[in-house]
Amino acid sequence: MYDYLIVGAGLYGAVFAHEAKRAGKKVLVIDRRDHIGGNVYTEEIEGIQVHRYGAHIFHTNSTEVWKYVCQFATFNRFTNSPVANYHGELYSLPFNMYTFNRMWNVVTPQEAAAKIEEQKKEAGITEPKNLEEQAISLVGTDIYEKLIKGYTEKQWGRPCTELPAFIIKRLPVRLTFDNNYFNALYQGIPVGGYTRMVEHMLEGVEIRLGEDYLADREAWNALAEKIVYTGPIDAFYHYSAGTLAYRSVRFETEVLDMPNFQGNAAVNYTDRETPWTRIIEHKWFEFGRDSGGRDLPKTVISREYSSEWKPGDEPYYPVNDEKNGAVYEAYRRMTLSQDKVIFGGRLGEYKYYDMDRVIEAALARTRQEFN
Ligand code: UDP
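Everything numeric here is computed off the predicted structure, so don't read it as measured data.

So, helix α3 (residues 97-104)
1) Next: All of the buried residues along α3 are Met-97, Thr-99, Phe-100, Met-103 and Trp-104. One face of α3 carries all of its buried residues, which in axial projection span an arc of 155 degrees.
2) Next: Packed against the buried residues of α3 are β7 (89-92), α4 (109-123), α5 (131-139) and α6 (141-156).
3) Next: In this structure Asn-96 caps α3, since a side-chain oxygen of it lies 2.8 Å from the backbone nitrogen of Tyr-98.
4) Next: Asn-105 sits one or two residues past α3 and shows a positive phi near 65 degrees.

Below, the structure is given as structure tokens:
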């Protein structure tokens, strides 16, 4: 008999398990997959830490969360600066003076601000109601057309006019020459990969892999006082209030016999025609690699393709639009009468969480639980 059965060995589950163990609880972690780490899982290929489920760059403004993760890993000094490729034209991301200079030949912040204002005015937007209007009011029509529209419609499979504005607000807009994608005090990637970091979190915790909770929930429930469920919430409730939409991602990973494919960790393909959204070159997430190939003569790249989730696919992103928000709300209400089960993480809470926010949420919940 366990105090807690934790379903899912991703970040929420691992933090919860770590804290429960520290509080003297008996914990069992299970995961459907054959590995821990959830979507932050990394594996070594050709001496390179490969992010199997897509790029994960840790960034946070919370000193508490930063100190917390630093107990389990040493972080390198990686700074995310993706490049946008629009039909072969390269632009700096996030939107900053390098981007504006390349787009409009403007030189000063004043000229850039005036250009954005002029395009915003022409589009007649006062109060942005959706992602398209939000994007134009932040950076103008040219940048919207070349760097946002195609990418976003590939990524989400919906027109920008039907997507919530908050998604584009994840990206900073700056009138400075600063290519750092994140406005975060702390940023980096665990040296040796995320898997090792999660292993450290789960040290001394019993783990069973390849186990599907939903396939035999009665038997699993009988094992523990409480369940921490981090899988899709609609599946937990047998889709009784409707199915939630997710975006799934497929990766085509290749080992290339060259030291340097694209010279950057992430290149976003922002046109509509290129079928993938981005290509990541994993070695550039690791600090100190040599582009001349004296360090590693090979490289590993992953092309990322987005699609609507269907049964059998891996869910990655919740689609936080109005329709799905209402469905989720129905499930959230059901959880209120469920005192044996705690729901957490991107799938359990149907929330577009970054890693630091997941950790924050798990810590808050454990504090409530164990204090
Ligand atoms: N986005 C875009 N062009 C880009 C990169 C991002 O239009 O080159 C938009 C797109 O709508 C995306 C959102 O900004 O879904 C958030 O991007 P972020 O990099 O935060 O997404 P993630 O890395 O979580 O997939």
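A closer look at the environment of Asn-96
1) Next: Mapping Asn-96 onto the fold places it in the loop between β7 and α3.
2) Next: Counting along the chain gives 91 residues from Asn-96 to Gln-187, while the straight-line C-alpha distance between them is 19 Å.
3) Next: Setting aside residues up to four positions removed in sequence, Asn-96 forms contacts with Arg-174, Thr-176, Phe-177, Asp-178 and Asn-179.

Focus on the site of the ligand
1) Next: Every one of the 17 residues lining the ligand counts as a neighbour, but Thr-152, Arg-170, Tyr-181, Tyr-317 and Tyr-352 are closest to it.
2) Next: A distance of 3.4 Å is found between an oxygen atom of the ligand and a backbone nitrogen or oxygen belonging to Ile-148.
3) Next: Separating an oxygen atom of the ligand from a side-chain N or O atom of Arg-170 is a distance of 2.8 Å.
4) Next: Burial of the ligand by the surrounding chains reaches 93%, relative to a free accessible area of 520 Å².
5) Next: The biggest single contributor to the shell around the ligand is α6, with 6 residues.
6) Next: Residues of the shell around the ligand, tallied by class, amount to 11 nonpolar, 4 polar and 2 charged.

What about the packing of α5 against α6?
1) Next: Orientation of α5 relative to α6, taken along the N-to-C sense of each, is 145 degrees, at an axis distance of 9 Å. You can see that α5 and α6 cross each other, and the crossing is right-handed. For the pair α5 and α6, the contacting residues are Leu-131, Glu-132, Ala-135, Ile-136 and Val-139 in the first and Thr-141, Ile-143, Tyr-144, Ile-148, Lys-149 and Thr-152 in the second.
2) Next: The residue inventory of the contact of α5 with α6, partitioned by class, reads 7 nonpolar, 2 polar and 2 charged.

Overview of the pairing of strand β14 (residues 299-308)
The side chains of a regular strand alternate, residue by residue, between the two faces of the sheet.
1) Next: Among the 10 residues of β14, 8 are classified as buried, and the element is accordingly described as predominantly covered.
2) Next: Pairing analysis gives 10 bridges linking strand β11 (residues 246-256) to β14, with the strands arranged antiparallel. When the bridges of β14 are listed, Leu-256 appears paired with Thr-299.

Re the packing of aromatic side chains
1) Next: Here the structure, examined in full by the defined rule, presents 31 aromatic pairs.
2) Next: Between the aromatic rings of Trp-66 and Phe-75, the centroid separation amounts to 4.9 Å while the plane-to-plane angle is 50 degrees, which identifies the pairing as tilted.
3) Next: A relative accessible area of 16% places Trp-66 in the buried class.
4) Next: Phe-75 sits in the buried class, given a relative accessible area of 12%.
5) Next: Within the aromatic cluster, the residues linked to one another by ring pairs are Tyr-213, Tyr-229, Phe-236, Tyr-237, Tyr-331 and Phe-343.
6) Next: Note that Arg-170 overlies the ring of Tyr-352, its terminal NZ or CZ placed 3.9 Å from the centroid.
7) Next: The side chain of Arg-303 reaches across the aromatic face of Trp-276, ending 4.7 Å from its centre.

So, the environment of Leu-131
1) Next: Note on placement: Leu-131 falls in helix α5.
2) Next: On the accessibility criterion, Leu-131 (0% relative accessible area) is buried.
3) Next: Here the alpha-carbon distance between Leu-131 and Ala-165, two residues 34 residues apart in the chain, equals 4.0 Å.
4) Next: In this view, Leu-131 contacts Ile-148, Thr-152, Cys-160, Leu-163, Pro-164, Ala-165, Ile-167 and Ile-168; residues no more than four positions away in its chain are not counted.

Reading the values: the criteria
- Residues numbered from 1 in each chain as written.
- Predicted model: local features only at pLDDT ≥ 70, side-chain atom pairs only at ≥ 80, totals over all residues.
- Heavy atoms only, no water.
- Buried < 20%, exposed > 50% of the residue type's maximum accessible area, 1.4 Å probe, protein only.
- Helix = DSSP H or I, 4+ residues; strand = E, 2+ residues; numbered from the N terminus.
- Arc of directions from axis to C-beta.
- Contact = heavy atoms within 4.5 Å.
- Polar contact = N/O pair within 3.5 Å; in protein donor to acceptor, adjacent residues only side chain to side chain.
- Near = heavy atom within 4 Å.
- Areas by Shrake-Rupley, 256 points an atom, 1.4 Å probe, with all protein chains shown as cover.
- Nonpolar A, V, L, I, M, F, W, Y, C, P; charged D, E, K, R; others polar.
- Axes fitted to C-alpha atoms, helices over the stretch in contact; angles between N-to-C directions.
- Left-handed = near helix turned anticlockwise from the far one by under 90°.
- Pairing = 2+ DSSP bridges.
- Phe/Tyr/Trp six-rings, centres within 6.5 Å; stacked < 30°, edge-to-face > 60°.
- Lys NZ or Arg CZ within 6 Å of the ring centre and 35° of its normal.

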